[in-house]
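Residue-level structure breakdown
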Amino acid sequence: MASSAPPFDVGRLTRDIRAGDRTVLSRAITLIESKRPDHRRNAAALTQALLGATGNAVRVGITGAPGVGKSTTIDALGSILTEQGHKVAVLAVDPSSRRTGGSILADKTRMAQLANDANAFIRPSPASGTLGGVAAKTRETMLLCEAAGHDVVLVETVGVGQSEIAVADMTDFFLVLMLPGAGDELQGLKKGVVELADMIAVNKADGDNLARAKAAAAEYRAALHILSPRSATWSPPVITYSALTGDGIAALWAHILEHREKLGASGELAARRGEQQVKWMWAMLEERLFAPLRSDRALKAALPRLEAEVAAGRVAPAAAVEEIAAMLAR
Ligand SMILES: Nc1nc2c(ncn2[C@@H]2O[C@H](COP(=O)(O)OP(=O)(O)OP(=O)(O)O)[C@@H](O)[C@H]2O)c(=O)[nH]1
Ligand SMILES: [Mg+2]
């Protein structure tokens, strides 16, 4: 029977990934992204087998409004890093259906340098789904990339919904990109996101924008001042730079390394990673427990009706829960 033949040899995959084989890395990520139960089991075995080879990368999350220059920044920064001998992985979390095949292509052209760089590995966001599902797959992909020897992982997410929080929860350093806006800077500050920021960087500080970018940075600096910092050791800096000209990119990276050094020494980095691991476990468990609600046909059909009944006051919430639980237990 075809289904009894293991489609993936986990032992072999483990060896080939650790040897840095890119084709195998891509295949393994496809395995991770698969919803088939046998693939899920193989994927779990694979991440467990590779665990000892993970955790060695500088993990950086990068967020900002559409068009702020995330991809251009990653291209410029990533290229500097590969030149220095680093192996860079670029991942994305985008649970919206915004990103069709076309924009993935567009992304690759906006990361034209890295896309042709043998020391860079670019993997678009897993296909749309729940944020929890997409984030879980990106986290596992990150581990595979680390096992394959990538010592820098850059995770891009567009600043919509809760995806920034998911990315902040899987990275060591959370970089928030801003535009040199016209005056109303604080308007663009999503408070929850800024509280997560380890640095705010105003991009496009070039040409006519230079003065406005510096003014914006000063406003963000003042705004950050009144927020209590996430760490006792680190006050998030606010910088200006240009992904287009490359001005300030080296300084941007220097801040990330300084953060690493300080929080590494204070033990905060290890603590943050530990908390993240536990959070991941719960997030995955939640995802697993909720999966039947999304995949079970009868349940999927019944839920809108139950919701309507509950909203209309005809069915008590507790009674609806009983009904759902009974269907789950079938
Ligand atoms: N002048 C100037 N333009 C820039 C700079 N960085 C990016 N751009 C331009 O801004 C546009 C958007 O850049 P992207 O890197 O695709 O932005 P993004 O944040 O990845 O966009 P999404 O992925 O669609 O959310 C492109 O036309 C870039 O050329 C910069 O430093 N200066
Ligand atoms: Mg982009």
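Preceding block: the structure.
Here's what I pulled together on the structure shown here.

The coordination sphere of the magnesium ion (ligand 2) contains the protein donors Ser-71 (OG) and Glu-156 (OE), at a distance range of 2.1 to 2.3 Å. Taken together, the residues Ser-71 in helix H4 (residues 70-83) and Glu-156 in strand S4 (residues 152-158) connect sequence positions 85 residues apart. Grouping residues by exposure puts Ser-71 and Glu-156 together as buried.

For the rest of this paragraph, the subject is helix H7 (residues 131-147). For H7, spanning 17 residues, the distance from its first C-alpha to its last is 24 Å, which sits close to the expected 24 Å at 1.5 Å a residue. Within H7, 15 of the 17 residues are buried, which leaves it mostly tucked inside the rest of the structure. The first or second residue beyond H7 is Gly-149, which carries a positive phi of 100°.

It is worth spelling out the nonpolar core at this point. Ile-17, Leu-46, Leu-144 and Ile-200 are the most contacted members of the largest nonpolar core, which has 51 residues in total. Looking at which element gives the most residues to this core, the answer is H7, with seven residues. What Leu-144 contacts, discounting residues up to four positions off in sequence, is Ile-17, Leu-25, Ala-28, Ile-29, Ile-32, Leu-46, Thr-47 and Leu-50. In this structure, Leu-154, Phe-173, Ala-201 and Trp-253 belong to the second largest nonpolar core, which totals 31 residues.

Further remarks concern the site of ligand 1. As a matter of local geometry, ligand 1 sits amid 19 residues, with Lys-70, Ser-71, Thr-72, Arg-110 and Asp-206 nearest to it. Gly-69 places a main-chain nitrogen or oxygen 3.0 Å from an oxygen atom of ligand 1. In this structure, an oxygen atom belonging to ligand 1 sits 3.1 Å away from a side-chain N or O atom of Glu-156. Among the secondary structure elements, those contributing two or more residues to the shell around ligand 1 are H4 and S4. Here the shell around ligand 1 gets three residues from one element, more than from any other, and that element is H4. In the shell around ligand 1, the residues fall into six nonpolar, six polar and seven charged.

Below, the discussion takes up the sheet that holds strand S5 (residues 173-178). Strands sit in the order S3-S2-S4-S1-S5-S6-S7 across an open sheet of seven strands; the sheet is parallel. The open sheet is flanked by strand S3 (120-122) and strand S7 (238-240), the only strands paired with a single partner. Adjacent strand axes in the sheet meet at a mean angle of 20° when their direction is disregarded. In terms of strand pairing, strand S2 (residues 88-92) meets S4 through five bridges, oriented parallel. Each bridged residue has a counterpart across the sheet, and for Ala-89 the counterpart in S4 is Val-153. The sheet strands contacting helix H11 (residues 249-266) are strand S1 (58-64), S4, S5, strand S6 (199-202) and S7, and the helix crosses S1 at an angle near 130°.

Conventions and cut-offs
- Residues numbered from 1 in each chain as written.
- Chains lettered and ligands numbered in written order.
- Predicted model: local features only at pLDDT ≥ 70, side-chain atom pairs only at ≥ 80, totals over all residues.
- Heavy atoms only, no water.
- Donors = N, O, S within 2.8 Å, 3.2 Å for Na, K, Ca; no water.
- Helix = DSSP H or I, 4+ residues; strand = E, 2+ residues; numbered from the N terminus.
- Buried < 20%, exposed > 50% of the residue type's maximum accessible area, 1.4 Å probe, protein only.
- Expected span 1.5 Å × (residues − 1).
- Core = buried A, V, L, I, M, F, W, Y, C linked by side-chain atoms within 4.5 Å.
- Contact = heavy atoms within 4.5 Å.
- Near = heavy atom within 4 Å.
- Polar contact = N/O pair within 3.5 Å; in protein donor to acceptor, adjacent residues only side chain to side chain.
- Nonpolar A, V, L, I, M, F, W, Y, C, P; charged D, E, K, R; others polar.
- Pairing = 2+ DSSP bridges.
- Axes fitted to C-alpha atoms, helices over the stretch in contact; angles between N-to-C directions.

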